[in-house]
Amino acid sequence: MFLVHIEGNNKMKIKILGMAIVAVVISFASSASDEKMMILAGQEIFKKCSSCHSSDSSKNTFGPSLTGVINRKAASLPRFAYSEALKKSGLTWTEANLRRWIAGNDILVPGTRMRHVQITDIAEQNYLLAYLKSL
Ligand code: HEC
C-alpha cells in the first residue's frame, strides 16, 4: 500500500512538472514573435551544419558560406572549390530544392563533396529555412 502511494505521488509530481514546462513554453512563445521562435529553433538545428558552414557572410570554411543562399545558383560562389557534381547540377537553391538537399544531399546530387545530412522532419526543415533566410 505504502509503495503504491509513493508511486501515485510521483506521477502527480511528474504531471505538475509537465504542466509547468508547457506554461513556460507558452509564455515564451507569446513574448517572442513566431518568426523569431522559428529562427531560434533553426539556429539550434544549424549546429549540425556549422562545423563546416560559417554563418559569417565573408567566410567560406570547409563548406561554402550560406549567407544569401536562398535562390542562389548552386556552386556559384567565387573562391570556393565546389565538386564537379554540384557545379554540373544546374540547381538553384529554391526552398523546395533546399528541402531536398537537407533531406539527403547525396541523393539529390550524387558525388557531392558535402557529407551526408538527413533532415526529413518538415518542422525541422521549416526552422532551418527560417534561419537560413535570416542570414
Ligand atoms: C562535413 C561538412 C559539412 C556539413 C556538416 C554540412 N555541409 Fe553543406 N556543404 C559542405 C561542402 C563541402 C559543400 C560543397 C559541396 C560540393 O561542392 O559538392 C556544401 C554545400 C552546401 C550547400 C550548397 C551551397 C552552394 O553554394 O551551392 C548548401 C545549401 C549546404 N551545404 C547546406 C548545408 C546545411 C543546411 C547543412 C546542415 C544541415 C550542411 N550543409 C552541413 C560541407 C558540409
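Structure: see above.
Residues numbered from 1 in each chain as written. Predicted model: local features only at pLDDT ≥ 70, side-chain atom pairs only at ≥ 80, totals over all residues.

Observations concerning the overall build of the chain
Across its full length, the chain carries 5 helices and 0 strands. Listing each helix as α and each strand as β along the chain from the N terminus yields α-α-α-α-α. A burial count over the chain gives 16% of its 135 residues as buried. Of the contacts formed within the chain by residues at least 6 apart in sequence, a portion of 44% connects residues at least 24 apart. (Helix = DSSP H or I, 4+ residues; strand = E, 2+ residues; numbered from the N terminus. Buried ≥ 20, exposed ≤ 12 C-beta atoms within 10 Å, placed from the backbone. Contact = placed C-beta atoms within 7 Å.)

Considering the site of the ligand
Contacts to the ligand come from 28 residues, most closely from C49, C52, G63, S83 and M114. When residues of the shell around the ligand are traced back to their parent elements, those giving at least two are α3 (84-87) and α4 (95-108). Among the elements that make up the shell around the ligand, the one with the highest residue count is α4 (3 residues). Per-class residue counts for the shell around the ligand are 20 nonpolar, 5 polar and 3 charged. (Near = placed C-beta within 6 Å. Nonpolar A, V, L, I, M, F, W, Y, C, P; charged D, E, K, R; others polar.)

What to know about the packing of α4 against helix α5 (residues 122-134)
Across the interface, α4 lies against α5 with an axial gap of 11 Å and an inter-helix angle of 120 degrees. The pairing of α4 with α5 is recorded here as oblique in orientation. Here α4 and α5 pass one another in a crossing that is right-handed. Across the interface between the two elements, E95, L98, R99 and I102 from α4 touch Q125, L128 and L129 from α5. Considered class by class, the residues forming the contact of α4 with α5 number 4 nonpolar, 1 polar and 2 charged. (Axes fitted to C-alpha atoms, helices over the stretch in contact; angles between N-to-C directions. Parallel < 35°, antiparallel > 145°, perpendicular 65-115°, else oblique. Left-handed = near helix turned anticlockwise from the far one by under 90°.)

Topic: α5
In this model, α5 (13 residues) spans 18 Å end to end at C-alpha, consistent with the 18 Å of a helix rising 1.5 Å per residue. Among the residues of α5, Y127, L128, A130, Y131 and L132 are the ones counted as buried. Buried residues along α5 sit against α2 (34-45) and α4. (Expected span 1.5 Å × (residues − 1).)

Here we look at α2
Counted at 1.5 Å a residue, the expected span for α2 with its 12 residues is 16 Å, and the 17 Å between its end C-alpha atoms agrees. Packed against the buried residues of α2 are α5.

Here we look at unusual backbone geometry
At N71, a position not held by glycine, the phi torsion is positive, near 65 degrees. Topologically, N71 is positioned in the loop between α2 and α3. For N71, a count of 11 C-beta atoms within 10 Å puts it in the exposed group. For A75, which is not a glycine, the phi torsion comes out positive at approximately 55 degrees.

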